[in-house]
Amino acid sequence: MDEFELLLDLHKGAGRQGPGGDSETEKAIELAGIDRNSPLKIADIGCGTGASTLTLARLLDAKITAVDFVQDFLDVLATRAESNGVDDKVTQLCASMEQLPFENEEFDVIWSEGAIYNIGFEKGVVDWRRYLKPDGLLVVSEITWLTKTRPPELNAYWDVAYPEIDTASAKIKVLEDRGYTPVGYFVLPEYCWLDNYYMPMLRRLDEFLARNGNSEEARAIVQAEHDEIELYEKYKAYFGYGVYVARKSDV
Ligand code: SAH
């Protein structure tokens, strides 16, 4: 298995592939003022195995197109949707978030948790805007600086990992500049990283190594996960996930 396949093998057994939480997804629904009883069309972009998709399906009267470019994740999502009794609300779509086969103004809501960074926040909010109906809602989580200044070594790390990381005010300005009216913002609490994402992953690592013959490549992935967790623990005062809610404006 190459590195990508190993990463899939590690992550497809998880309920989520990034920091988040069911109650935080619900909080974003509230903040967006989404009517739970009106029929909606939603795209969940970079859905992984469907953490947010399943919560949206449970809480809303919605037809959800769950998009990811990893078919294995979508297969897990399909099974979970069925066992949660929401498969009639969810359609899986294997596609790149850069080349979505959608019509203009097709969706009431575009949702994306922990995924927009793959094409970059600004490119994502610009590209996806056309798929929103007038007044449609965008809900995205994005890695965000929580402080104005940071330790130089942390800046250096993110300069390489994701140079688009910025403060909430800068992200909100991007939304304003790119045809959205900001509606709300909150920061994912620490447990969304530790209890909901990192701890379940740590519990899967031994099995992952055994499954992959304790190979050098598998061990490198385990080490990288440990390093990432250590970085988070050390610097969590300075960065986190912001959840941004914005409405498409007609200007
Ligand atoms: N929203 C999920 C998954 C977040 S991880 C959750 O919160 O748990 C990011 C997801 O984006 C992964 O499932 C990955 O396969 C997907 N992804 C990354 N690049 C992509 C691309 N270019 N097109 C579509 N999906 C992509």
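Quick note: structure is the one above.
All values reported here derive from a predicted model rather than from experimental measurement. (Residues numbered from 1 in each chain as written. Predicted model: local features only at pLDDT ≥ 70, side-chain atom pairs only at ≥ 80, totals over all residues. Heavy atoms only, no water.)

Let's shift gears to the state of the cysteines. Between two cysteines, a covalent bond joining their sulfur atoms is known as a disulfide. Taken as a whole and judged by the stated rule, the model has zero disulfides. In this structure Cys47 is a free cysteine whose sulfur lies 9.4 Å from that of Cys94, the closest cysteine sulfur available. Cys94 gets classed as partly exposed once you look at its relative accessible area, which sits at 39%. (Disulfide = S-S within 2.5 Å. Buried < 20%, exposed > 50% of the residue type's maximum accessible area, 1.4 Å probe, protein only.)

So, on to helix α2 (residues 22-32). Because an α-helix completes one turn every 3.6 residues, residues spaced three or four positions apart along the sequence face the same direction. Those residues of α2 lying buried are Glu24, Thr25, Ala28, Ile29 and Ala32. Down the axis of α2, the smallest arc covering the buried residues is 150 degrees, so these residues share one side. Residues of α2 that are buried sit in contact with α3 (51-59), β4 (107-112), β5 (132-145), β7 (180-187), α8 (190-211) and β8 (239-248). (Helix = DSSP H or I, 4+ residues; strand = E, 2+ residues; numbered from the N terminus. Arc of directions from axis to C-beta. Contact = heavy atoms within 4.5 Å.)

Around the ligand, the surrounding shell holds 17 residues, and the nearest of these are Gln17, Gly46, Asp68, Met97 and Glu113. Contact between the ligand and Gly46: a nitrogen atom at 2.8 Å from a main-chain N or O atom of the residue. One nitrogen or oxygen atom from the side chain of Asp68 is found 2.6 Å from an oxygen atom belonging to the ligand. Here the shell around the ligand is built from residues that sort into seven nonpolar, seven polar and three charged. (Near = heavy atom within 4 Å. Polar contact = N/O pair within 3.5 Å; in protein donor to acceptor, adjacent residues only side chain to side chain. Nonpolar A, V, L, I, M, F, W, Y, C, P; charged D, E, K, R; others polar.)

By size, the foremost hydrophobic cluster in this structure holds 79 residues, and its most contacted members are Ile34, Ile42, Trp111, Trp128, Leu138, Trp158 and Phe239. Here the element with the most residues in this core is α8; it accounts for nine residues. Setting aside chain neighbours within four positions, we find Phe239 in contact with Ile143, Thr144, Trp145, Leu146, Leu154, Trp158, Ile165, Trp193, Leu231 and Tyr232. (Core = buried A, V, L, I, M, F, W, Y, C linked by side-chain atoms within 4.5 Å.)

The residue Glu105 is not glycine, and still its phi comes out positive at about 55 degrees. Considering the arrangement of structural elements, one finds Glu105 in the loop between β3 (90-94) and β4. For Asn214, which is not glycine, the phi torsion reads 50 degrees and is therefore positive. Looking at the element boundaries, Asn214 is found in the loop between α8 and α9 (216-235).

The relative placement of two aromatic rings is captured by the distance of their centres and the angle of their planes. This structure, assessed with the given rule, holds 16 aromatic pairs. An aromatic cluster is built from Tyr157, Trp158, Trp193, Tyr197, Tyr198, Tyr232, Phe239 and Tyr241, whose rings are joined through pairwise contacts. Lying over the aromatic face of Phe107, Lys41 brings its terminal NZ or CZ to 5.3 Å of the ring centre. (Phe/Tyr/Trp six-rings, centres within 6.5 Å; stacked < 30°, edge-to-face > 60°. Lys NZ or Arg CZ within 6 Å of the ring centre and 35° of its normal.)

On to the pairing of β5, then. For β5, the buried fraction is high: eleven of the 14 residues fall into the buried class. Where β4 and β5 come together, five bridges link them in parallel fashion. Note on β5: the bridge partner recorded for Phe107 is Leu132. Considered for its hand, the β-α-β crossover made up of β4, helix α5 (residues 121-129) and β5 is right-handed. As judged from the nine bridges shared by β5 and β8, these two strands associate in the antiparallel manner. Each residue of the ladder has a partner; that of Val140, found in β8, is Tyr244. As judged from the two bridges shared by β5 and strand β6 (residues 166-167), these two strands associate in the parallel manner. Looking at β6, one finds that Thr144 is bridged to Asp166. Each parallel crossover has a hand, and for β5 linked through helix α6 (residues 152-161) to β6 it is right-handed. (Pairing = 2+ DSSP bridges. Right-handed = clockwise from strand over helix to strand, strands pointing away.)

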